Amino acid sequence: MTTSNKNETWMVFKRLLGYLKPLKTVFICAIIALMVYALVDAAFIAMIKPFIDDGFGGGASKISTVGSSLDFGTSKGFNASRDVLILAPFVVIGLFTLRGLANFASTYCVAYMSARLIQDMRQQVFEHYLKLPVSYMDRENTGNLISRVTYDTEQIARASGSALITIVRDSITVLGMLGLMFYLSWQLSLCILVIGPIIGVVITVVSRRFRKVSKQIQAAMGGVTAATEQMLKGHKNVLSFGGQKVESDRFFTINDRNRYQNMKLATTQAISQPLVMIIGSFALAFVLYAASIDSLKTGLTAGTFASLLGAMMAMLQPIKNLTRVNADFQRGIAACTTVFELLDTSPEVDTGTYEIERVRGDLCFKHVDFSYQNQPKKALNGIDFSVKQGQTIALVGRSGSGKSTIASLITRFYSGLSAGEICLDDVPIEQYSLKSLREQVALVSQQVTLFNDTIANNIAYAYSGDVTREQIIHAAELAYAMEFIKDLPNGLDTEIGENGVMLSGGQRQRIAIARAILRDAPVLILDEATSALDTESEKAIQRGLDNLRQNRTSVVIAHRLSTIESADQILVIDQGRVIERGTHKGLLEKNGAYANLYQMQFGE
């Protein structure tokens, strides 16, 4: 592993530990409990020596030649051995009781820390999503964004949870056993110093591999999430077009890629563990051989040799665990890196300081040019218009001409004009704080977003202050939504499912319009607000919108020209430019682009 990679891993791990600062007490308790657990194991192995030497041998019997007999000593030695054997059960019960309590305390504390860490990190990621600019969301895969909150944070849970238990407990166990071995016979224990660096090299090489594959698994998992979400959202289209096999094949390819990456990780893990065990067996074999050498055998009792052998055997499983946990740890570090990269993404730029409770609604675009990021072609070119309080301006034109871009710039969903200026009440919108600016605008778009809640709560969504039942009903009546709400089983308290799946397209849009009416903002943006309505519903809503637009500035984007005939000003947009402007009657008389659009729709 290179120095830069080591530094990066340490920086990521150090940042992860920062989440544990509020849990310092719990963290310290967990560490102490894990140390007690590990040291009890070492203590039990250490007790083997007196149990054998004093309990059965009546004294420290030396290992002499092969086949030599043990000298049980005198009656005094016999009494001493009897005392040791009587005491032994109580010592064992005491040690394992202490071990059990330490195990409970460490498991509970680590689980608590892990759960809190993931809760805090998920909350932070979710809240960061709410602050990110629309341009970032446009570029990112939705499945990957969801995976950050779900899959990646779970990997971090492993690194901070089970990995912490294994790393602390088994490291202390290994150190405790090593200390015991050197205490019993430093000569026989020196072989550990030979195999230690070899095991270290194996773990270092494997760590690099684990981290690389873990990042590939994260990317593959994001693909699985994205493919699943895409199929669920378009379920009706899949069924209607008979696309089951297409989706099944697409998912199989992505799912198989995920399986392949997981198998790469499993293969690396499967090779590393037995390799470490084999290296460890050489050390064990050397100790067994060395015990037969006369010079090393001097002063070595049966109990000492049994404790030494037990300590070596007891070390093998912790070493194996430490090798295995490395996979989880590296996977967690890789997930941390991804999550931290997201958290380091700059939120929406909000340098505005101007705040006002309610604007008049005078809106103007002054020769505005705008280009989307990494797009050389201008989305808007020299857009220039003004609309006064209470007036309605309509934007018409072909799809992709720039109408929705104009609406998005009003609310600063996109920032960074190439040229020109947008003003609200003669104040550049960049000078408004984002919160204050967006409180002045009510948006109803063609993409209606409803939540898995009651109709009443959807209408009152994010309403500032307390809202009464009467206000909700009044807004629903103005949007002509009560016509269908009153026929539902629970009226306004009817649950409408995810994104209003229980309602028709027209009904969903009427709820969205009622939400905008309740907001009572001085500026309205209606982006194809009546596109999903039948003729009868459209006429009803037009009457409601006519009432709503009084004393409010309205920007209406429409393909159906019948909905904008009463607009004070109509702009015809084509390829980001205003090619015609005027009233409905005046534009028809010009017999230009607007008249052609009108003729195509009505055949007149």
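Residues numbered from 1 in each chain as written. Predicted model: local features only at pLDDT ≥ 70, side-chain atom pairs only at ≥ 80, totals over all residues. Heavy atoms only, no water.

- For the chain, the name recorded in an unreviewed UniProt entry is Lipid A export permease/ATP-binding protein MsbA, with Shewanella surugensis as its organism.
- Recorded in UniProt for the chain, the comment headed Subcellular location (unreviewed entry) runs: "Cell membrane". (UniProt positions renumbered as here; feature names shortened; annotations may be inferred.)

**Some words on the pairing of strand β10 (residues 577-582)**
Now for step 1: Taken together, the 5 bridges between strand β9 (residues 569-574) and β10 define a ladder with antiparallel strand orientation. Counterpart to I570 in the pairing with β10 is G582.
Now for step 2: Counting the residues in the hairpin turn of β9 and β10 gives 2 residues, including Q575, whose phi is positive at 50°. (Pairing = 2+ DSSP bridges. Helix = DSSP H or I, 4+ residues; strand = E, 2+ residues; numbered from the N terminus.)

**Some points on the side chain of Q440**
Now for step 1: Mapping Q440 onto the fold places it in the loop between α14 (434-439) and β6 (441-444).
Now for step 2: A relative accessible area of 0% means that Q440 is categorised as buried.
Now for step 3: Within polar-contact distance, the side chain of Q440 engages the backbone oxygen of I356 at 3.2 Å.
Now for step 4: Here E357 takes part through its backbone oxygen, which lies 3.5 Å from a polar atom of the side chain of Q440.
Now for step 5: The contact partners of Q440, leaving out residues within four places of it in the chain, are I356, E357, R358, V359, L424, A521, P522 and V523. (Buried < 20%, exposed > 50% of the residue type's maximum accessible area, 1.4 Å probe, protein only. Polar contact = N/O pair within 3.5 Å; in protein donor to acceptor, adjacent residues only side chain to side chain. Contact = heavy atoms within 4.5 Å.)

**Quick look at the packing of helix α5 (residues 142-160) against helix α6 (residues 162-184)**
Now for step 1: The geometry of α5 relative to α6 is characterised by a closest axis approach of 3 Å and an angle of 20° between their N-to-C directions. Considered as vectors, α5 and α6 are oriented roughly parallel to each other. Every residue of α6 that contacts α5 at A157, R158, A159 and S160 is listed here: S162, A163 and L164.
Now for step 2: Classifying every residue of the contact of α5 with α6 gives 4 nonpolar, 2 polar and 1 charged. (Axes fitted to C-alpha atoms, helices over the stretch in contact; angles between N-to-C directions. Parallel < 35°, antiparallel > 145°, perpendicular 65-115°, else oblique. Nonpolar A, V, L, I, M, F, W, Y, C, P; charged D, E, K, R; others polar.)

**Some thoughts on the pattern of salt bridges**
Now for step 1: Taken as a whole, this structure holds 16 salt bridges when the rule is applied.
Now for step 2: For K435, the salt bridge identified is with E439, shortest N-O distance 2.7 Å. Placement of both K435 and E439 in helix α14 is noted, with a separation of 4 residues, approximately one turn of the helix.
Now for step 3: A relative accessible area of 35% means that E439 is categorised as partly exposed.
Now for step 4: Note that D493 is salt-bridged to R469, the shortest N-O span being 3.1 Å. Placement of D493 in the loop between α17 (482-485) and α18 (505-519) and of R469 in helix α16 (residues 469-478) is noted, with a sequence separation of 24 residues between them.
Now for step 5: Overall, the relative accessible area of 36% leaves R469 in the partly exposed class. (Salt bridge = Lys/Arg side-chain N within 4 Å of Asp/Glu carboxyl O.)

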